[in-house]
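Report on the structure
Okay, here's what each chain looks like letter by letter:
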Amino acid sequence: MISQNMKALIKKSEGISSLFSDAKKLKQQYGIENVYDFGIGNPNVKAPEKINQTAIKLLQEENSLQLHGYTDSIGYADVRKKIANSINHRFDTHFNENNIVMTVGAAGGLNVIFKVLFNPGEEIITFAPYFSEYDAYAMNVGAVLQAIPPNTETFLPDLTKLEQAITSNTKAVLINSPNNPTGVVYDESIIAEIGCILEEKQKEYHTHIYLISDEPYRELVYDGAEVPYVPNYYKNTIVVYSFSKSLSLPGDRIGYFVLPSELDGYSEIFQASEVATRVLGFVNAPALQQKVVAECCDELTDVVFYDANRELLYQSLTEYGYECIKPQGAFYLFVKALEQDDKAFCKKAQQYRLLLTPATGFGCPGYVRIAYCVSRETILNSLPSFQELAKSYGITAKSE
Ligand code: PLP
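Throughout what follows, the structure given in this document is the object of discussion. (Residues numbered from 1 in each chain as written. Predicted model: local features only at pLDDT ≥ 70, side-chain atom pairs only at ≥ 80, totals over all residues. Heavy atoms only, no water.)

**A word on the packing of helix α3 (residues 49-61) against helix α11 (residues 287-296)**
Inclusion rule: Axis lines are fitted through C-alpha atoms, for helices just across the contact stretch, and the angle between N-to-C directions can take any value from 0 to 180 degrees. A run of H or I in DSSP becomes a helix once it reaches four residues, and a run of E becomes a strand once it reaches two; helices and strands are each numbered from the N terminus. Throughout this description, any angle smaller than 35 degrees is read as roughly parallel, any larger than 145 degrees as roughly antiparallel, any in the 65 to 115 degree range as roughly perpendicular, and the remainder as oblique. A clockwise turn of the near helix away from the far one marks a right-handed crossing, whereas an anticlockwise turn of less than a right angle marks a left-handed crossing. It only takes one pair of heavy atoms within 4.5 Å for two residues to be counted as in contact. Amino acid classes used here: Ala, Val, Leu, Ile, Met, Phe, Trp, Tyr, Cys and Pro are nonpolar; Asp, Glu, Lys and Arg are charged; the rest, including Gly, are polar.
Interhelical geometry of α3 versus α11 gives an angle of 125 degrees and a closest axis separation of 9 Å. Overall, the two elements α3 and α11 adopt an arrangement that is oblique. You can see that α3 and α11 cross each other, and the crossing is right-handed. For the pair α3 and α11, contact is made by K50, I51, T54, A55, L58 and L59 and by L288, K291, V292, E295 and C296, respectively. In terms of residue class, the contact of α3 with α11 is made up of 7 nonpolar, 1 polar and 3 charged.

Okay, structure coming up:
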C-alpha cells in the first residue's frame, strides 16, 4: 500500500518510535516527574521575552492580512534584508536580501536545498555521527548519503578520509558544527582545511562541490569556543540556519539559508530555491514568524543555563565511570554505552527511568546521546539512576 521508500524510513525509525512509546508507558507508570527524559532536543529555556512582545505588537499594529497571508516563497524582502544586515554585522560579510531564503526551520531549509541541488544518484558526504534525519532528506531526492566513519577519540572529522571519499559524483559535503549528537565544534583550521580539500577536488574533477553548513546550534557554545563563519573560508558554501534552538522556537518552524553571490550557479540556485520551496509544499516560511525573527535575530538564549547542565552532567557521569568527551557546543552529551548494543543499553537504562537515544541511528553504534536541554532538577534527580545503571554493569565510581 505505501511506497518502498516509506517502508524503509519506517523501519529505520522503529528504534526511535519504540523509544517514544516506551517513554509514554514509563511516564504513565511512574509519573512524569519520576522519569528522566533526555530523548529529544526540545529546549527547556524559554524564548526571549522580546519574541512574545514582538508578536503581540505586530498582531496589534500590522496589517493582519499581510501577517496571515502568503509571502514570497523565499520570504519577505524586508525580513531577508534585516537578517542579511545582522549576519554582515556579526561575520564581516556583504550579504543583502538576495542572499537569504526564509525556510521552515533547518529541516525545511535542508530539504529545499537538497531539492535544488541533487539529481538522483548524486552523492552527498557527511561525517558520522550525524543528525539521523539526513538519511531521509537525501532519500527524498534520491541522493546518496555517504557517511565517513567516526573518529571515536575526538569525534572531529577525518579529513584524510574526506579526501579519499570525494569522487566526480560528489555534489555536496554536509557539515554540522556545533554538532548534534556529539557537541564538538570545528575550529578554524578544520574549516579552512575542508575548504582547501574541496577547492582541489573541484579542480581535479572539473565539478562544483557545495559545502552545506547546517548550523542550528551556532550560538550554543561554551568555554569561549568560536564557530568560524564558513562562507569566509570557501566560496561554494550554503549556510542553513534555524531559530529552533538559538531562540527556543522549534515549534514555530522558522529559519533561513544563505546563498552567497559568489556561489557557482548563484542565480539559478536562488531562483530554484523559490520554486523548490513551493513545490515541496512549504509555499513560504510562516509569515508572522518571519516578521518576529527579523526584529529578534540578535537576541540571545540563556547559554549559561545549558553550560551549567553540561558541567553537572559531564562531571557526574565521568565520576560514575562513563566515558565521553566534554562537548564544547550544542546541548548533547555523547556517551559510550556500557554494552556493545546501544539499543539494549537504552532498554536497560529505562529500568532506571532514564530515557536516552541510541546512536546507531546517528551512524555510530555503541554510543548514546543525552540531550541536556532539560531542567536542572531533572538532571539532579536523575543522577542516582545514572550511578545505579553504571553499577549494574559492575562499574564503580572513581571516588569509591
Ligand atoms: N539539523 C540538526 C543538526 C538538528 O539537530 C536539527 C534539529 O534538532 C535540525 C537540523 C532541524 O531543526 P529545525 O527544528 O530547525 O528544523
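**Digging into unusual backbone geometry**
Here the residue pair A128 and P129 is connected by a cis peptide bond, since its omega of -5 degrees sits within 30 degrees of zero. Structurally, the position occupied by P129 is in the loop between β3 (123-127) and α7 (133-140). Located in the positive-phi region is H206, a residue other than glycine, with phi close to 55 degrees. Looking at where H206 falls in the secondary structure, it is placed in the loop between α9 (188-205) and β6 (210-214).

**Notes on the sheet that holds strand β9 (residues 332-336)**
Our working rule: The rule for pairing is simple: two strands pair if DSSP sees at least two bridges between them.
The strand order across the open sheet formed by 3 strands is β9-β12-β11, and the pairing between neighbours is antiparallel. One side of each edge strand has no neighbouring strand; the edge strands of this open sheet are β9 and β11 (357-358).

**Remarks on the packing of helix α6 (residues 105-117) against helix α10 (residues 266-279)**
The contact between α6 and α10 brings their axes to 9 Å, and the two run at 120 degrees. Between α6 and α10, the crossing angle belongs to the class labelled oblique. Crossing angle aside, the handedness with which α6 passes α10 is right-handed. Taking contact as the criterion, the partners of V112, I113, K115, V116 and L117 in α6 are, on α10, I269, A272, S273, A276, T277 and V279. Per-class residue counts for the contact of α6 with α10 are 8 nonpolar, 2 polar and 1 charged.

**Brief notes about α11**
Convention followed: Remark: exposure states derive from per-residue accessible area (1.4 Å probe, protein chains only) relative to the maximum for the residue type, with buried under 20%, exposed over 50%, and partly exposed in between.
The element α11 is largely enclosed, with a buried count of 9 among its 10 residues. In this fold, the buried residues of α11 make contact with α3, α4 (64-67), α5 (77-91) and β2 (100-103).

**Concerning a negative patch on the surface**
What counts is decided by this rule: Patches here are clusters of residues that have more than 30% relative accessible area and form no salt bridge, with a 9 Å joining cutoff for like charges and a 5 Å cutoff for nonpolar side chains (Val, Leu, Ile, Met, Phe, Trp, Tyr). We get accessible surface area from the Shrake-Rupley algorithm with a probe of 1.4 Å; when it comes to residues, only the shown protein chains can shield them. For salt bridges, the criterion is a side-chain nitrogen of Lys or Arg within 4 Å of an Asp or Glu carboxyl oxygen. For this count, His and the chain ends are skipped, Lys and Arg are scored as positive, and Asp and Glu as negative. For this purpose, a charge sits on NZ of Lys, CZ of Arg, CG of Asp or CD of Glu.
Together, E163, E193, E199 and E200 give the surface a local cluster of negative charge. For the negative patch, the element with the most residues is α9, which contributes 3 residues.

**Brief notes about the side chain of K245**
Here K245 is to be found in the loop between β7 (237-242) and β8 (255-258). Here K245 occupies a buried position and makes no salt bridge, while the nearest side chain of opposite charge, D214, is found at 9.7 Å. Not counting chain neighbours up to four residues away, the residues in contact with K245 comprise G41, P43, P216, Y217, L220, T301, F331 and Y332.

**Looking at the sheet that holds β8**
Within a sheet, each strand pairs with its neighbour through backbone hydrogen bonds, oriented either parallel or antiparallel. The strand order across the open sheet formed by 7 strands is β2-β8-β7-β6-β5-β3-β4, and the pairing between neighbours is mixed. In this open sheet, the two strands that pair with only one neighbour each are β2 and β4 (144-148). Strand-to-strand twist across the sheet, computed as the mean angle between neighbouring axes with direction ignored, equals 20 degrees. Alignment of strand β5 (residues 170-175) against β6, held across 4 bridges, turns out to be parallel. Its bridge partner being in β6, L174 is matched across the sheet by I212.

**Examining the pattern of salt bridges**
A full pass over the atoms with the stated rule returns 17 salt bridges. Here D78 and K291 are joined by a salt bridge, their closest N and O atoms 2.9 Å apart. Residue D78 is located in helix α5, and its partner K291 is located in helix α11; the two are separated by 213 residues in the primary sequence. Assessed through its relative accessible area of 37%, D78 is described here as partly exposed. What makes K291 buried here is its relative accessible area of 9%. For the salt bridge of R310 with D307, the shortest nitrogen-to-oxygen distance reads 2.9 Å. Highlighted residues: R310 and D307, both in helix α12 (residues 303-320), separated by 3 residues, approximately one helical turn. When its relative accessible area of 0% is taken as the criterion, R310 is described as buried.

**A closer look at the pairing of β8**
Alternating positions in β8 separate into two faces, G255 and F257 on one and Y256 and V258 on the other, with burial throughout. When β2 meets β8, the two strands line up antiparallel, connected through 4 bridges. In the sheet register, V101 faces β8, and the bridge partner there is F257. Relative to β8, β7 is paired through 4 bridges, and the arrangement is antiparallel. The partner of V240 across the bridge, within β8, is F257.

All we've got here are geometric facts, nothing functional implied.
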